Amino acid sequence: MSDPVIQCQQLSKSYQEAGSQVSVLKGVNLSLEQGETLSIVGSSGSGKSTLLHILGTLDGATDGSLKIKGIEVDKLSRAKQADFRNRHMGFIYQFHHLLMDFSALENVAMPLLIAGKSKVEAKQIAAQMLEKVGLAHRVDHRPSELSGGERQRVAIARALVTKPSLVLADEPTGNLDKHNALKIYELLNELNQEFDTSFVVVTHDLELAEKLGRVVQLDDGVLVEYQGANGVKHA
Ligand SMILES: Nc1ncnc2c1ncn2[C@@H]1O[C@H](COP(=O)(O)OP(=O)(O)O)[C@@H](O)[C@H]1O
Ligand SMILES: [Mg+2]
């Protein structure tokens, strides 16, 4: 059996603020198998983005252990972490973070160019991924010429184009109406089925959260299994 895609134990994170220490994460434990999908819910300020940044090696934990695909990513150099991210992880944000002066195709091709693929090959693979997210007819459009839902689809195609094991998404539908948000979740599930990509998605919308395989809640700095409106049970 392959290593879990995420394995973390007793992750903690505190910030030093005005001389006093603020503990945001207080011992997060999480194990996610390859191909599993997970929603993280929790009130505003509960540390969801902080946790996602740490899982994505974009920020360091104060304490605890973290393995992504069996690798202790927090112990790698910054350069090796960047390489690991490019190879194995994708990121989706609330605001698409697309490059506005580039077409959808060029935006999606970018991670492949960074990974060293030729321009021709990068554009070919990017076009296929745009087709998968339903945007074959929009490849030459710039972000300003696309709807909010379409921009998020481009952002999803960009996150998936290198066939990462793990995609981390922070409120990816926070900017969309319910109809478009639901369609994005359908798309994530389709891509999960097709590529066995694991998704970890932060959302404050419980109905959307339940579209993924598992739901956990950040509650006072620890993760607990979400049990619907009836209360919580420790993970
Ligand atoms: N760089 C930082 N320095 C100090 N405090 C921070 C920093 N980043 C986040 N925090 C604090 O950590 C807490 C959790 O923030 P965040 O992870 O953004 O929560 P969420 O995404 O759940 O809304 C908040 O109280 C926030 O003010
Ligand atoms: Mg946040």
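Quick caveat, the model's predicted, so the values are computed rather than measured.

### Some points on the site of ligand 1
Turning to step 1, where the next piece is worked out: Inspection of the region around ligand 1 gives Tyr 15, Glu 17, Val 24, Ser 43, Ser 44, Gly 45, Ser 46, Gly 47, Lys 48, Ser 49 and Thr 50 as its neighbouring residues.
Turning to step 2, where the next piece is worked out: One of the side-chain N or O atoms of Tyr 15 is found 3.3 Å from a nitrogen atom in ligand 1.
Turning to step 3, where the next piece is worked out: Interatomic distance of 2.9 Å between a backbone N/O atom of Lys 48 and an oxygen atom of ligand 1.
Turning to step 4, where the next piece is worked out: At the level of elements, strand S1 (6-17) and helix H1 (48-55) are the ones that each hand at least two residues to the shell around ligand 1.
Turning to step 5, where the next piece is worked out: In terms of residues, the shell around ligand 1 owes the most to one element, H1, which gives 3 residues.
Turning to step 6, where the next piece is worked out: Grouping the amino acids of the shell around ligand 1 by side-chain chemistry returns 2 nonpolar, 7 polar and 2 charged.

### Points about the pairing of strand S3 (residues 37-41)
Turning to step 1, where the next piece is worked out: The element S3 is largely enclosed, with a buried count of 5 among its 5 residues.
Turning to step 2, where the next piece is worked out: Because side chains alternate across S3, one face comprises the buried residues Thr 37, Ser 39 and Val 41, and the other comprises Leu 38 and Ile 40, equally buried.
Turning to step 3, where the next piece is worked out: The pairing of S3 with strand S7 (residues 198-202) spans 4 bridges and is parallel. Paired with Ile 40 across the bridge in S7 is Val 202.
Turning to step 4, where the next piece is worked out: Sheet topology places S3 next to strand S8 (residues 214-219); 4 bridges connect them, and they run parallel. Bridge pairing in S8 links Leu 38 to Arg 214.

Cut-offs used in this document
- Residues numbered from 1 in each chain as written.
- Chains lettered and ligands numbered in written order.
- Predicted model: local features only at pLDDT ≥ 70, side-chain atom pairs only at ≥ 80, totals over all residues.
- Heavy atoms only, no water.
- Near = heavy atom within 4 Å.
- Polar contact = N/O pair within 3.5 Å; in protein donor to acceptor, adjacent residues only side chain to side chain.
- Helix = DSSP H or I, 4+ residues; strand = E, 2+ residues; numbered from the N terminus.
- Nonpolar A, V, L, I, M, F, W, Y, C, P; charged D, E, K, R; others polar.
- Buried < 20%, exposed > 50% of the residue type's maximum accessible area, 1.4 Å probe, protein only.
- Pairing = 2+ DSSP bridges.

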